[in-house]
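What follows is each chain in one-letter form.
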Amino acid sequence: MEIFDLTIHELHQKLKAKELSSVEATSAMLERIDATDGRVNAYITVTPEQALIEAEAADRRIAAGEMTTLTGIPVGLKDIFITKGIRTTCGSKMLSHFVPPYDGTAVARLKEQGAVIVGKLNQDEFAMGSSTESSYFGATKNPWDLACTPGGSSGGSAAAIAAQSATATLGTDTGGSIRQPASHCSCVGLKPTYGRVSRYGVIAYASSLDQVGPLTRDVTDAAIMLGAVAGYDPLDSTSVNTPVPDYVAGLGAGVKGLKIGLPKQYFIEGLDPDVKRAMDEAIALYKSLGAEIKEVSLPHTEYAVATYYLIATAEASSNLARYDGVRFGHRSESAKGLSEMYARTRDEGFGAEVKRRIMLGTYALSSGYYDAYYLKAQKVRTLIRQDFLTAFEDVDVMLTPVAPTPPFRMGEKLEDPLQMYLSDIFTIPVNLAGTCAISVPAGFCAAGLPIGVQLIGKAFGEQSILSAAYAFERETEWHKKKAAL
Amino acid sequence: MKITRVEVEHVARLARLELTEHELDTFTVQMDSILAYVEKLNALDTEGIIPTSHAVPMENAFRPDQPAPAIGVDAAMANAPNHAESFFRVPKVIE
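Reading the values: the criteria
- Residues numbered from 1 in each chain as written.
- Chains lettered and ligands numbered in written order.
- Predicted model: local features only at pLDDT ≥ 70, side-chain atom pairs only at ≥ 80, totals over all residues.
- Helix = DSSP H or I, 4+ residues; strand = E, 2+ residues; numbered from the N terminus.
- Rg over C-alpha atoms; globule rule 2.2 N^0.38 Å.
- Buried ≥ 20, exposed ≤ 12 C-beta atoms within 10 Å, placed from the backbone.
- Contact = placed C-beta atoms within 7 Å.
- Pairing = 2+ DSSP bridges.
- Axes fitted to C-alpha atoms, helices over the stretch in contact; angles between N-to-C directions.
- Domains from an automatic or database assignment.
- Nonpolar A, V, L, I, M, F, W, Y, C, P; charged D, E, K, R; others polar.
- Right-handed = clockwise from strand over helix to strand, strands pointing away.

J.: Please explain the overall build of chain B as it appears in this structure.
T.: Counting its secondary structure elements, chain B contains 3 helices and 2 strands. Counting from the amino terminus, helix and strand elements in chain B follow one another as α-α-α-β-β. A compact globule built from 95 residues should have a C-alpha radius of gyration of about 12 Å, whereas chain B, at 22 Å, is more than 25% larger. Dimensions of chain B, computed from the C-alpha atoms along their principal axes, are close to 55 × 45 × 25 Å. Across the 95 residues of chain B, 17% fall into the buried class.

J.: Got a minute to help me understand the overall build of chain A in this structure?
T.: Of regular secondary structure, chain A possesses 15 helices and 11 strands. Overall, the C-alpha framework of chain A stretches about 65 × 55 × 45 Å when taken along its three principal axes. A burial count over chain A gives 64% of its 485 residues as buried. Within chain A, residue pairs in contact and separated by at least 24 positions form 76% of the contacts whose partners lie at least 6 positions apart.

J.: Please clarify how the sheet that holds strand S6 (residues 211–216) of chain A should be interpreted in this entry.
T.: Across a sheet, strands are paired by hydrogen bonds formed along the backbone, either parallel or antiparallel in direction. Residues and elements named next belong to chain A. Taken in spatial order, the 11 strands make up an open sheet running S1-S3-S2-S4-S6-S5-S10-S11-S9-S7-S8, and their pairing is mixed. Two strands lie at the open edges of the sheet, namely strand S1 (43–46) and strand S8 (292–296), each paired on one side alone. The average undirected angle you get between the axes of adjacent strands in this sheet is 30 degrees. Relative to strand S4 (residues 168–173), strand S2 (residues 74–78) is paired through 3 bridges, and the arrangement is parallel. Residue pairing in the sheet places glycine 76 in a bridge with threonine 169 of S4. Helix H8 (residues 273–288) contacts strand S7 (259–263), S8, strand S9 (397–401), strand S10 (436–444) and strand S11 (450–457) of the sheet and is inclined by roughly 50 degrees relative to S11.

J.: Mind showing me how you'd approach the domain arrangement of chain A here?
T.: Interface extent is often summarised as the accessible area lost during association of the parts. All names here are of chain A. Domain parsing of chain A yields domain 1 (3–251) and domain 2 (302–379). Each of domain 1 and domain 2 has a C-alpha centre, and these two points are 28 Å apart. The interface is formed by 19 residues belonging to domain 1 together with 17 residues belonging to domain 2. Counted by class, the side of domain 1 that touches domain 2 contains 10 nonpolar, 7 polar and 2 charged residues.

J.: Looking at this structure, I do not really get the pairing of S7 of chain A. What am I missing?
T.: Within a regular strand, side chains alternate between the sheet's two faces. Residues and elements named next belong to chain A. Here S7 pairs with S8 via 5 bridges, running parallel. Bridging from a neighbouring strand, leucine 262 pairs with glutamate 295 of S8. Considered for its hand, the β-α-β crossover made up of S7, H8 and S8 is right-handed. Note: S7 against S9, 2 bridges, orientation parallel. Residue pairing in the sheet places isoleucine 260 in a bridge with valine 397 of S9.

J.: Sorry, what's going on with unusual backbone geometry here?
T.: Excluding glycine, a negative phi dihedral is what most residues carry, and trans is how most peptide bonds are arranged. Here the residue pair glycine 152 of chain A and serine 153 of chain A is connected by a cis peptide bond, since its omega of 10 degrees sits within 30 degrees of zero. Residue placement: serine 153 of chain A occurs in the loop between strand S3 (116–121) and helix H5 (155–162). For cysteine 90 of chain A, which is not glycine, the phi dihedral falls at a positive 55 degrees. With respect to the element layout, cysteine 90 of chain A can be found in the loop between S2 and helix H4 (105–112). Residue classification places cysteine 90 of chain A among the buried positions, given that 31 C-beta atoms sit within 10 Å. Backbone geometry places glutamate 85 of chain B, a non-glycine residue, at a positive phi of 50 degrees. Residue placement: glutamate 85 of chain B occurs in the loop between strand S1 (83–84) and strand S2 (87–88).

J.: Looking at this model, I keep getting lost on the environment of lysine 93 of chain A. Mind explaining?
T.: Residues and elements named next belong to chain A. Within the fold, lysine 93 resides in the loop between S2 and H4. Between the C-alpha atoms of lysine 93 and leucine 271, which are 178 residues apart in sequence, the distance is 37 Å. Not counting residues up to four positions away in its chain, the partners in contact with lysine 93 are Tyr136, His330 and Gly349.

J.: For this particular structure, what's the right way to read the interface of chain A and chain B?
T.: Opposite the 54 residues of chain A that make contact, chain B presents 42 residues. Only helix H9 (304–319), helix H10 (338–349), helix H11 (352–365), helix H12 (371–391) and helix H13 (417–422) of chain A provide two or more residues apiece to the side of chain A that touches chain B. A per-element tally of the side of chain A that touches chain B places H12 of chain A first, with 10 residues. Grouping the amino acids of the side of chain A that touches chain B by side-chain chemistry returns 30 nonpolar, 12 polar and 12 charged.

Okay, here's the thing in structure tokens:
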């Protein structure tokens, strides 16, 4: 077993027993990044000097007997997280030289726990995409097959787990951006309930949908990471002041008598046969463990993608108005007057997908179209949210596919934005409803590429989906398979 | 057609995006197909439905208006493309 193979909880035991120092673990991880990242491109920025300083500090803390589970653990952050003194690009030319003056809350909490930040991970530009191909810093490749995308937008965060070039990572999920790449890279990806984790210091895409969460090698690690970053933050007034349970302690609850719903609208004609097989096997396993399987209905599912692409783009067009070349970020050198400077800066600084979404959102909010598009979408969002509330009157969690297909090939969906958008059909409704969901490794397709299944929970039901995922993981070996790199 | 090229040019002006001719052509086609897709929402009767702006129902979040430590002028100016002392410098606004 190599050091870079270890989970958080395994590495923690070795650090605690002084079999290994954080400097050794961090050095091993930095070497692993060197050995793999030329092929995978999971990282935008690697921070070896800073990481080793943090690792030395972690070792002093361990020696003093003041360690937490994350002390000394090498973690990577999606480059959407503001990091003090470390360039933060959000995958965009617009921020390619941006060095933030402060840490966001999730990052500050990881640092307080003694986690070691080894670098910033690749993503779709401004988190807008499902393949990590829209990054200004080049596409990330799927470690399971370098000709395939890792999914997105947190593709770097998922690929680093699959390439074993980070022990754990943080991503963000606005319409599936943690769960879909987790499914495509065979890792665990958790999108918490909206309001569970502070968004302070996370570069905004669609503020009513964005949420921070972990991508990890197993369910226990996801519980550890969530526990570290969750909780109320006065700096994010949409974070919810609800106690954070001990997620790790609750993992062993089991699924006997758990009511698991299968939303019938998710088992559509044309679902990829390998995805369907993974689902059937997961259902059979849960049955054998004593869970009660029930069909449920989410009748407005087919409207979710359309609703999302109006609400998310509208919010994005507003959020991204701040990139005007005045206070930070790229500025066009060629413009004469102020208006021209704004417009050229934005044309030069943003890539095609970001411009497309700003355009759509601006249109949906513009005079004469607001009621027909944006307001209509917000009303349909109410219906979708109501679907979830009704379904959760009958069941504790829901079990669904994560993505309709196994990982797709690089370039396959780039020319057709609508096809790319439809790859998030099973993940988007959860963001609209604002509840939580987790993707867990559940098999491989005939071509040897990973497939995940999704457990959806009630609002603040992270404990239920984590323990259900843990019960599944204990009975399967999928999460132990490693990509051959 | 759900959207014309003239409308796309207008939206680009609203969004402060100086798009190339090629981008305007591409976005006209792509936005047209996306807008045709979102038309499906019109199949739903949403009369009397209250719109959802946030998934978690919450009231306004108030806090006392007290000064707190800030990052300071130097840090705030450090990423500015062009500045002079504590001011952001921009191209001439009025000719």
